[in-house]
Amino acid sequence: MFDKVLVANRGEIAIRVMRTLEELGVGTVAVYSEPDRDAPHVRRADDAYLLGPGPANESYLVIEKIVEVAQQAGAQAIHPGYGFLAENAAFARACDEAGIVFIGPPPDAIDAMGSKTRAREIMRDAGVPIVPGTTDPVETVEEAQAVIDESIGYPVAIKAAGGGGGKGFRVAQSEDELDKAFEGASREGEKFFSDSTVYVERYLSDPRHVEVQILADAHGNVIHLYERDCSVQRRHQKLIEESPAQAVDPELRERIGKIGTDAAVAVGYRSAGTVEGLLQDGEYFFLEMNTRVQVEHCVTEMVTGIDIVREQVKIAAGEELSFRQEDVVLRGHAIECRINVEDASKNFAPAPGRVGSYREPSGPFVRVDSGAEEGYEVLPLYDPMIAKLIVWDVDRDASTRRMLRALGEYEVAGLKTLIPFHQMLLATEQWARGETCRDLVEDKEWLGKLAEPAPAPAGSDEEPSEKVAREYEVEVSGRKFDVRVIGEPLTPDGAAPTGGRKAPRRERKDSGGGGAPGELVSPLQGTVLRVAVEQGAEVDQGALICVIEAMKMENEITAPSGGTVEELGISEGGSISTGDRIAVIK
Ligand code: MV4
């Protein structure tokens, strides 16, 4: 086993990985960006190293810097978590070249599965069922039209070859929508993956998203940990996941498990991975493979009793899996709710800010994987998911009731989270009947019920405290170090301040609700992609005002109330900051 592992991530997943490393007796090294100096994942680790400024491409995505830090810290391996560099083959190769173990699959498997057309080709050749459609890229609309007429038929899904997770995914119901869908998928592929190549699939009208958890070691053992159902998603962001899938019976369970392991064998997989697929009318089709540990791995851990991250680390250290397929037993039912800092009533707009009082649920069979705490500032720079709530019980019904109980105990003051959304959704008949809830999560009227007066900003009566840097020379084990201490200023008598830890207060304007009457301010920083209204226009509550791109996500900003657009302070292509005025609607 390794002595020391660097965790190249932040937030809940960094802490999740460090917990397992601690249990294995492995030392932990955190990395962080400037605004994350004080973050829980940094305090959790044995050692921590600064990477650079806040934007991920200057910190969490800088391959050379992370490899250099690992060498400097004496870490023998790097765990990438999910997101950031987790599915970056160049990073995996850079680790190899530096003599550091990448805790993940071989770079060639990352490459192969990164290209969705190559993945489909490999799976088809291995006898894994894929959604009917092309395995070669389709160059032109005319070419797409020809294959659709010849073999696929409408409706079709046009998908970016470099895509995945729904990025660069468009639907054409009929021939007259093909042009637009092709252009859209191609443009998004170019924007996100610098690859405008697209392919065509038959569009399934109401499939379930069912995925298989895989573990493969370096000794030729490939097993699966059964399936998860992640059908409750919005704009391809999963919101609720569960295991086992209700729609899967024992016979189908064995069949899709085998599809999962066949897929893993076909790409020479090693480590933990997920084979994603669509299930419709008892038919299961391969969709794509995620070559990382996923956000929702926890529900599988709860029903199998297997620590997936522990297995991942052991596999990377060269150990053989200590159990076989027949040892993996499913027990009960687990559900996970993602706790995002978003306002579901405002089109799931990001709602960054400072967490006020914070209390996590507990009690029997309740697990909280969190990267937040009281006073934690959720930065618009990073993913809005601050925590996950996972529960286990004997069956889906009991698990749902336990989740509702736990959601009720969860207190996150000072900002909007998806907690009320989850409470409302889990109480619906659609959820109880095991439906995908696809229309519900897009239903503005239903989501509008979640709107309530904005909570008072946390600790708004407190004095802000600024941090300062002080230089010291210290001696540790006979070795001299120059250290820069970043903390609260010294008190007049020269003593370090005492009392509770207080995070630095950044200047920020109120986001949403506040300001002048009728004023709509931007909840995030980004680029105005589209302005959907003109000055003087009459809009209804919930009407689309503009689309802001932030962190490569398109965010729809809607009218908080109906009225006339009296002032419009934005233009397409312009940049916008948190708290900037978008419009005044009276
Ligand atoms: C599809 C599909 C229908 N037909 N592909 C791809 C990414 C994933 N997030 C959802 N994806 C879909 N791919 C074809 N050929 C429908 C979806 C889909 C979906 C699937 C299952 C459950 C919920 C869904 C919500 C939106 C889109």
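Structure's up top.
Residues numbered from 1 in each chain as written. Predicted model: local features only at pLDDT ≥ 70, side-chain atom pairs only at ≥ 80, totals over all residues. Heavy atoms only, no water.

Asker: Just to check I follow, could you spell out the sheet that holds strand 31 (residues 575–576) for this structure?
Answerer: Paired through backbone hydrogen bonds, the strands of a sheet run either parallel or antiparallel to each other. If you walk across this open sheet you meet the four strands as 29-28-26-31, and the pairing is antiparallel. Two strands close off the open sheet at either side, each with one partner strand: strand 29 (553–558) and strand 31. The sheet contact formed by strand 28 (residues 544–550) and strand 29 spans six bridges and is antiparallel. Its bridge partner being in strand 29, L544 is matched across the sheet by T558. (Pairing = 2+ DSSP bridges. Helix = DSSP H or I, 4+ residues; strand = E, 2+ residues; numbered from the N terminus.)

Asker: I'm lost on the packing of aromatic side chains in this one. Help?
Answerer: For the structure on display, the rule yields eight aromatic pairs. When the centroid spacing of 5.1 Å and the interplanar angle of 20° are considered together, the rings of Y60 and F84 count as stacked. Pair noted here: Y60 is in the loop between strand 3 (47–52) and helix 3 (63–73) and F84 is in the loop between strand 4 (77–79) and helix 4 (89–97), with a separation of 24 residues, a long-range link. Judged by its relative accessible area of 0%, Y60 is buried. Its relative accessible area of 29% is what places F84 among the partly exposed residues. Consider the rings of F91 and F102, whose centres lie 5.9 Å apart with planes at 90°: the pair is edge-to-face. Taken together, the positions of F91 in helix 4 and F102 in strand 5 (residues 101–102) put the pair 11 residues apart, joining distant regions of the chain. Note on accessibility: F91 and F102 belong to one class, buried. Among the aromatic residues, those joined into a ring-pair cluster are Y60, F84 and Y382. (Phe/Tyr/Trp six-rings, centres within 6.5 Å; stacked < 30°, edge-to-face > 60°. Buried < 20%, exposed > 50% of the residue type's maximum accessible area, 1.4 Å probe, protein only.)

Asker: Sorry, what's going on with the sheet that holds strand 1 (residues 4–7) here?
Answerer: In spatial order, the strands read 3-2-1-4-5; together these five strands make up an open sheet with parallel pairing. Because the sheet does not close on itself, it has two edges, and the strands there are strand 3 and strand 5. Bridge count for strand 1 against strand 2 (residues 27–33) is four bridges, and the pairing is parallel. Residue pairing for strand 2: L6 is matched across the bridge by V29. Those strands touched by helix 3 are strand 1, strand 2, strand 3 and strand 4, and its axis lies near 155° from that of strand 3. (Contact = heavy atoms within 4.5 Å. Axes fitted to C-alpha atoms, helices over the stretch in contact; angles between N-to-C directions.)

Asker: How do you make sense of empty space enclosed by the protein when you look at a structure like this?
Answerer: It is a probe the size of a water molecule, rolled over the atoms, that shows where empty space is left. A full pass over the atoms with the stated rule returns three cavities of 30 Å³ or more. A volume near 40 Å³ is recorded for the second largest cavity. Taken together, R208, D229, S231, V232, I240, E242, R396, W431 and E435 make up the lining of the second largest cavity. Those elements that provide at least two residues to the lining of the second largest cavity are strand 10 (222–234) and strand 11 (237–243). (1 Å grid on protein atoms, 1.4 Å probe; cavity = no way out; pocket = protein on both sides within 12 Å on 5 of 7 lines; lining within 4 Å. Points joined across faces, edges and corners; volume = space filled by probe spheres on them.)

Asker: I'm lost on the pattern of salt bridges in this one. Help?
Answerer: Any two side chains of opposite charge can pair, given that their charged atoms come close. Under the defined criterion, the tally for this structure stands at 44 salt bridges. We note a salt bridge from E296 to R338, for which the minimum N-O separation is 3.0 Å. Of this pair, E296 sits in the loop between strand 13 (283–290) and helix 10 (297–304) while R338 sits in strand 14 (residues 333–340), and the two are 42 residues apart along the sequence. With respect to class, E296 is no different from R338; both count as buried. (Salt bridge = Lys/Arg side-chain N within 4 Å of Asp/Glu carboxyl O.)

Asker: How do you make sense of the pairing of strand 19 (residues 366–370) when you look at a structure like this?
Answerer: On a regular strand, one side chain projects to one face of the sheet and the next to the other, so that they alternate. With respect to burial, strand 19 is a largely interior element, five of its five residues being buried. Of the two faces of strand 19, the one lined by V366, V368 and S370 and the one lined by R367 and D369 are each fully buried. Of the pairings in the sheet, the one linking strand 19 to strand 21 (residues 385–393) comprises five bridges and is antiparallel in character. Residue R367 lies in a different strand from strand 21, and its bridge partner there is I390.

Asker: What is the right way to look at the site of the ligand in this model?
Answerer: The environment of the ligand is made up of 17 residues, and the closest members are K159, E201, R202, L204 and Q233. Contacts to the ligand include E201, whose side-chain N or O atom sits 2.8 Å from a nitrogen atom. At a separation of 2.7 Å, a nitrogen atom of the ligand approaches a polar backbone atom of R202. About the coverage of the ligand: the protein hides 94% of its 530 Å² of free accessible area. Of all the secondary-structure elements, those providing two or more residues to the shell around the ligand are strand 6 (156–164), strand 8 (198–202), strand 9 (208–216) and strand 10. When its residues are assigned to classes, the shell around the ligand shows seven nonpolar, five polar and five charged. (Near = heavy atom within 4 Å. Polar contact = N/O pair within 3.5 Å; in protein donor to acceptor, adjacent residues only side chain to side chain. Areas by Shrake-Rupley, 256 points an atom, 1.4 Å probe, with all protein chains shown as cover. Nonpolar A, V, L, I, M, F, W, Y, C, P; charged D, E, K, R; others polar.)

It is worth stressing that arrangement in space is one thing and function is another; only the former is reported here.
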